[in-house]
Amino acid sequence: MHVSDQATWQTFEAEAMPHVDRLFRLAMWLERNRAEAEDLVQETLAQALQSFHRYTPGTNCRAWLITILQHVRANRRRALGRAPVDSDVEGRVANTIPFVPPVPEVLTDEDLLAALDSISPQYQEVILLCDVQEMTYKEIAAALDIPIGTVMSRLHRGRELLRVALTQCGTGSAARGTR
């Protein structure tokens, strides 16, 4: 390994590698398949290392890596021709009722995961990046390559859909007598 290559690797290792666990958790959520998630993270890290000269030290490396992960995922889905198209998103959003009962106080992890899984992936992504990965709207916009206004509206709509789904999960738990 050349001296500058060694220095690049050491810098990459110090900046990027601490974020691998969070990248993998995000990839697992997005792919729902361990092998696919591992491949996605591996390809993300390979591309990140290859273009590490573009990274500005001291900036948010996690956001930079998530942006690369999103691009790799989009390119893989496009190549496989299986990009999901949800044609009824507008219909489901339009049919949400204005009053949403409060979310039950007792919810299981399974209730939360089922509720999150029941909403459209475009809303899941924004909720996960904001509420789980704790990224800013600006970082999310950059990672998903969408305007900040779209991030805010998807987050708002996604949280509302999640609240409705959680309310239904809670009602189901109460009906089963598990509360």
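Preceding this section is the structure that the text describes.
Model, not experiment: these values are computed from the prediction.

About the cut-offs
- Residues numbered from 1 in each chain as written.
- Predicted model: local features only at pLDDT ≥ 70, side-chain atom pairs only at ≥ 80, totals over all residues.
- Heavy atoms only, no water.
- Buried < 20%, exposed > 50% of the residue type's maximum accessible area, 1.4 Å probe, protein only.
- Helix = DSSP H or I, 4+ residues; strand = E, 2+ residues; numbered from the N terminus.
- Contact = heavy atoms within 4.5 Å.
- Expected span 1.5 Å × (residues − 1).
- Arc of directions from axis to C-beta.
- Polar contact = N/O pair within 3.5 Å; in protein donor to acceptor, adjacent residues only side chain to side chain.
- Salt bridge = Lys/Arg side-chain N within 4 Å of Asp/Glu carboxyl O.
- Phe/Tyr/Trp six-rings, centres within 6.5 Å; stacked < 30°, edge-to-face > 60°.
- Lys NZ or Arg CZ within 6 Å of the ring centre and 35° of its normal.

Draft legend 1. Quick look at helix 8 (residues 137–144). The set of residues buried in helix 8 consists of E139, I140, A141, A143 and L144. Downstream of helix 8 by a residue or two, D145 has a phi angle that is positive, lying close to 60°.

Draft legend 2. Expanded view of the side chain of Q70. Examined against the element boundaries, Q70 turns out to sit in helix 4 (residues 61–80). Beyond its immediate chain neighbours, meaning those up to four positions away, Q70 contacts L30, E125, L129, A143 and L144.

Draft legend 3. Region of the structure containing helix 3 (residues 34–50). In a regular helix each residue adds 1.5 Å, so 17 residues correspond to 24 Å; helix 3 covers 24 Å between its end C-alpha atoms and thus fits that length. Taken together, the buried positions of helix 3 are occupied by A37, L40, V41, T44, L45 and A48. Buried residues of helix 3 fall within an arc of 130° about the axis and therefore sit on the same side. Opposite the packed face of helix 3, turned more than 90 degrees from it, sit the exposed residues Q42 and Q50. Residue N33 occupies the N-cap position of helix 3, its side-chain oxygen lying 2.9 Å from the main-chain nitrogen of A35.

Draft legend 4. Layout of the environment of A27. Structurally, A27 is set in helix 2 (residues 20–31). Note on A27: relative accessible area 0%, which makes it buried. Separated by 39 residues in sequence, A27 and I66 place their C-alpha atoms 9.5 Å apart.

Draft legend 5. Structural detail: unusual backbone geometry. One non-glycine residue, E134, adopts positive backbone phi at about 60°. Inspection of the secondary structure assignment puts E134 in the loop between helix 7 (121–132) and helix 8. With a phi close to 60°, D145 is a non-glycine residue in the positive phi region. Tracing the sequence through the fold places D145 in the loop between helix 8 and helix 9 (148–176). Looking at D145, the relative accessible area reads 60%, which means it is exposed.

Draft legend 6. Up close: the pattern of salt bridges. Under the definition given, this model contains 7 salt bridges. We note a salt bridge from R34 to E38, for which the minimum N-O separation is 3.2 Å. Of this pair, R34 and E38 both sit in helix 3, 4 residues apart, which is roughly one turn of that helix. Overall, the relative accessible area of 51% leaves R34 in the exposed class. Of the charged contacts, one joins R76 and E43 as a salt bridge, the two residues approaching to 3.4 Å between their closest N and O atoms.

Draft legend 7. Seen up close, the packing of aromatic side chains. A full pass over the atoms with the stated rule returns 5 aromatic pairs. Consider the rings of F52 and Y55, whose centres lie 5.4 Å apart with planes at 20°: the pair is stacked. One exposure class covers both F52 and Y55, and it is buried. Between the aromatic rings of Y55 and W64, the centroid separation amounts to 5.1 Å while the plane-to-plane angle is 45°, which identifies the pairing as tilted. The positively charged end of R32 is found above the aromatic ring belonging to W29, 3.9 Å away from the centroid.

Draft legend 8. Region of interest: the environment of C130. Within the secondary structure, C130 sits in helix 7. In this structure C130 comes out as buried when scored by relative accessible area, which is 13%. The residues contacting C130, other than those within four sequence positions of it, are M135, Y137, I140, L155 and R159.

Function-wise, these values are silent; they only describe arrangement.
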